[in-house]
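# Report on the structure
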Amino acid sequence: MLTNRQIRLQSRPKGLCAPGDFQLTESPLPELQEGQALAKVKYLSMDPTMRVWMAVDSYLPAVAIGDVMRSGGLAEVIESRNALFKKGDKIVGLTGLQEYVLIEPQSKYPFQKVPSIPFVSDTLFLGALGMTGLTAYFGMTEIAKPQKGETLVVSAAAGATGSVAGQIGKIFGCRVVGIAGTDEKCKWLTDELGFDAAVNYKHPDWKEKLAAATPNGVDIDFENVGGEVMDVVLNRMNLHGRVALCGLISGYTNEAAGPTNLGLIIVKRLKVEGFLILDYGARFTEAAMELGKWKMMGKLKDRQTIVEGLEKAPEAINMLFTGGNTGKLLVKV
């Protein structure tokens, strides 16, 4: 009988995740019933929204104390009594932080099969061709609506979503400026991803550098951070600029989510729209095909930070808020 290791939420974190907030448990897997399938989890997707799920009800209910911590992941079917899945199928979906996931016949959050594409790693379907890439795609194409010659600023630009959003901006002919937290990340954005400029917000003169990098103001803000970063970008916005509000990660581990200067939305007649990737579920295939085409053409590049071991997942979650990752953050189970 197989044993499943699982990471369960023990208490709601205050600030960053602490050792006592989770418990690593082991339990035997039940015998497979008709309609079920069993998959072995290969990689876990670490995403800022996990910190929200630990704390409060949002677009999904908060994870209950004692439950397996919710997360996305990539798994391989090892046994099946479900006609939709066969042994060897690779799937992505909400696996949770565990070694094995049981696929139910009428799951509220169904799993999707991963197509086998030559020279494309399966893990891309958790990143550039997965939820983070799709988030960047719809935020840019449906809300930001970039036009050639416009200036786009992307916060958390070296993360999984921001790095793709900025590259989409370049594909549409924008001047793209990224905001990141280390000089190394800024160099990656400009030298490898083709951003026109990148600013390290930890430098004392970063505001002046952002102004110098956006001499014609800012037409589009792809916003992941909130707080002071968003305040500064809003000050640079042009009349009738657009803000695609993807996340406010500066406030996920403390009280200061910001921004504080919302009056600028009125003064500058800005369009600010928040969105969730779930809004576009019916169009995932269309978007993934477009992202895949850009990837194959060399217009879309990515990087992954991989942490080894299920037990390291809580530490990996913190990396999202301390700047410890570049590109997509994964845990290899």
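Nothing here was measured: the structure is a model prediction, and the numbers come from that model.

This part takes up helix α9 (residues 313-322). Since the α-helix advances by 3.6 residues per turn, residues separated by three or four positions end up pointing in the same direction. Within α9, eight of the 10 residues are buried, which leaves the element mostly enclosed by the surrounding structure. All of the buried residues along α9 are Ala313, Pro314, Ala316, Ile317, Asn318, Met319, Leu320 and Phe321. Buried residues belonging to α9 abut β1 (3-9), β2 (22-28), α1 (49-53), β14 (304-308) and β15 (328-332).

If you walk through the whole model with that rule in mind, you get one cavity of 30 Å³ or more. What lines the largest cavity is Leu124, Gly127, Ala128, Thr132, Ala160, Ser163, Val164, Asp302, Arg303, Gln304, Gly327 and Lys328. Here the element with the most residues in the lining of the largest cavity is helix α3 (residues 160-171); it accounts for three residues. When grouped by side-chain class, the residues that make up the lining of the largest cavity number four nonpolar, five polar and three charged.

Here the idea is simple: oppositely charged side chains can pair when their charged atoms come close. Scanning the entire structure with this criterion turns up 19 salt bridges. Its salt-bridge partner being Lys42, residue Glu76 comes within 3.9 Å of it at the nearest N-O pair. On the criterion of sequence distance, the pair formed by Glu76 in strand β4 (residues 72-80) and Lys42 in strand β3 (residues 37-45) is long-range, its members being 34 residues apart. Since its relative accessible area comes to 23%, Glu76 is described here as partly exposed. We classify Lys42 as partly exposed; its relative accessible area is 32%. Between Asp302 and Lys295 there is a salt bridge; the shortest N-O distance is 2.6 Å. For Asp302, a relative accessible area of 29% corresponds to the partly exposed category. The class for Lys295 is partly exposed, based on a relative accessible area of 23%.

Scoring rules and cut-offs
Counting restarts for each chain, with residues numbered from 1 along the sequence as it is written. Since the coordinates come from a predicted model, pLDDT governs what is reported: local features require at least 70, and pairs of side-chain atoms require 80 or more to be given and counted, while whole-chain, interface and lining totals use all residues. The side-chain figures draw on all heavy atoms in the structure; neither hydrogens nor water molecules are used. Only protein chains enter the calculation, and the probe is 1.4 Å; a residue is then buried if its accessible area is under 20% of its type maximum, exposed if over 50%, and partly exposed in between. Numbering of helices and strands runs from the N terminus, with a helix taken as a DSSP run of H or I at least four residues long and a strand as a DSSP run of E at least two residues long. Only heavy atoms matter for contacts: two residues are in contact if any of them lie within 4.5 Å across the pair. In this analysis, the protein atoms alone were mapped onto a 1 Å grid. Cavities are point sets where a 1.4 Å probe fits without being able to get out; pockets are open sets with protein on both sides within 12 Å along at least five of seven lines; lining residues have an atom within 4 Å of a point. Grid points are joined across faces, edges and corners, and a volume is the space filled by probe spheres set on the points. When residue character is reported, Ala, Val, Leu, Ile, Met, Phe, Trp, Tyr, Cys and Pro are called nonpolar, Asp, Glu, Lys and Arg charged, and the others, Gly included, polar. The salt bridge definition used is simple: a Lys or Arg side-chain nitrogen within 4 Å of an Asp or Glu carboxyl oxygen.

Treat this as a map of the structure, not an account of what it does.
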